[in-house]
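# Residue-level structural notes
What follows is the residue order along each chain.
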Amino acid sequence: MIETIYIEDHLQVHPRATRLLERFPGARVVPCENYTEVFNPAAQSFDLQKQNPALILAQKKGNLVLPAPNGFGISNGPNFYFSHMLNCLYDCRYCFLQGMFRSAHYVLFVNFEDFEAEIDNTISNRHEQTTYFLSGYDCDSLALESVTGFVEHFVPFFAKRPNAFLELRTKSIAIDGLLSMPPVPNVVVAFSFTPEETTVAVEHGCPGIRDRVNAAGELANAGWPIGIRLDPLLWYKDWRAGYESLIDKLVTAIPSEALHSASLGPLRFPSSMFQKIEQMYPRDELLNGPLIRRNKFVSYSESREAQLLSFVEQRLVNAFPETNLFSCDLGAT
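An account of the accompanying structure is given in this report. (Residues numbered from 1 in each chain as written. Predicted model: local features only at pLDDT ≥ 70, side-chain atom pairs only at ≥ 80, totals over all residues. Heavy atoms only, no water.)

### Comments concerning the overall build of the protein chain
- In terms of helices and strands, the protein chain carries 13 helices and 18 strands.
- Taken over the C-alpha trace, the protein chain has a radius of gyration of 20 Å; the compact-globule value for 333 residues is 20 Å, and the two agree within 12%.
- If you line up the protein chain on its principal axes, its C-alpha atoms span 55 × 45 × 35 Å.
- Counting the 333 residues in the protein chain, one finds 58% classified as buried.
- Counting contacts in the protein chain only where the partners sit at least 6 residues apart, residues at least 24 apart contribute 77% of the total.
- For the protein chain, the accessible area works out to roughly 14,500 Å², and carbon and sulfur atoms hold 48% of it. (Helix = DSSP H or I, 4+ residues; strand = E, 2+ residues; numbered from the N terminus. Rg over C-alpha atoms; globule rule 2.2 N^0.38 Å. Buried < 20%, exposed > 50% of the residue type's maximum accessible area, 1.4 Å probe, protein only. Contact = heavy atoms within 4.5 Å. Areas by Shrake-Rupley, 256 points an atom, 1.4 Å probe, with all protein chains shown as cover.)

### With respect to helix H5 (residues 112-125)
- Counted at 1.5 Å a residue, the expected span for H5 with its 14 residues is 20 Å, and the 20 Å between its end C-alpha atoms agrees.
- Three or more residues of H5 are buried, namely Phe112, Phe115, Glu116, Ile119, Thr122 and Ile123. Across the axial projection of H5, the buried residues extend over an arc of 125 degrees, all falling on one side.
- At the exit of H5 stands histidine 127, carrying a positive phi of roughly 55 degrees. (Expected span 1.5 Å × (residues − 1). Arc of directions from axis to C-beta.)

### A word on the nonpolar core
- Ranked by size, the top nonpolar core spans 123 residues in total, and within it Leu57, Leu168 and Leu230 carry the most contacts.
- Aside from chain neighbours lying at most four places away, what touches leucine 168 is Ser135, Ser141, Leu142, Phe150, Val151, Val155, Leu178, Val187, Val188, Val189 and Ala190. (Core = buried A, V, L, I, M, F, W, Y, C linked by side-chain atoms within 4.5 Å.)

### Observations concerning the pairing of strand E13 (residues 226-230)
- With respect to burial, E13 is a largely interior element, five of its five residues being buried.
- Here four bridges tie strand E11 (residues 187-192) to E13, and the two strands are oriented parallel to one another. Within E13, the residue paired with serine 192 across the bridge is arginine 229. (Pairing = 2+ DSSP bridges.)

What follows is the structure, encoded as structure tokens:
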């Protein structure tokens, strides 16, 4: 799975980094002074690297916990995000990571304890106000759990901090680790979905909708709070039937009392980001769809966007009338 591992020089004796190197004895190990010298140079080919990414072991310094961008949250209270990892196992055409990062390599920040300290500091600064932390902004929270051990480490940490919520956002069905733990009421496992037709067309490498829905249902029945993330909303020929079918599957699998929240949001690419992605995949069906430039974004027309939001929101409200419903204005996440 991992053929090349870059490691910052000072992490050669770090216990978490050492264990990872032992996990992949056949990998080529390349030392570097700082992960940015591998990850940030220009003239890298994101789409080619995506076919066989390397793993970069690094230490995150500064800005370990940041306020969540406007419209990206799971409550009306304070929302923050932290990124133990950069980049994702999957290859979704609408994902902003392919337009934001120059490299497709996985960066794993192994200094989990520093993240914990900053999370505790953030909690204490909110003076007992319930605080929400999002872990799936720059990566998928579960997809590489067998490598990172992120869930195994951080779920028990949040279990001891009931006034702070953790969202694990994912398209993965790697749920065995969660099922082996007692459910934690302040850890929300939030699954991202698009209709089955678009999953096949644009969510390359992701588990299918049936498997994802079943995973969400299995966790819900085991007592875990579940989130539904219909973001971004995608326009295609039979989109109404597609979203109706998807929501029907979700309402059948997930008991309403297990649903912590649902969110939906439009498809929006910053124009410069869209140009970069379009150059990588000039024949992609999604990127050649009915998209227009609106202000600083590439998105659907206001009319199409409004139709998507109105239709899917109403179906969600009808299916889960008691759930907390949030709108995410970021779109291409």
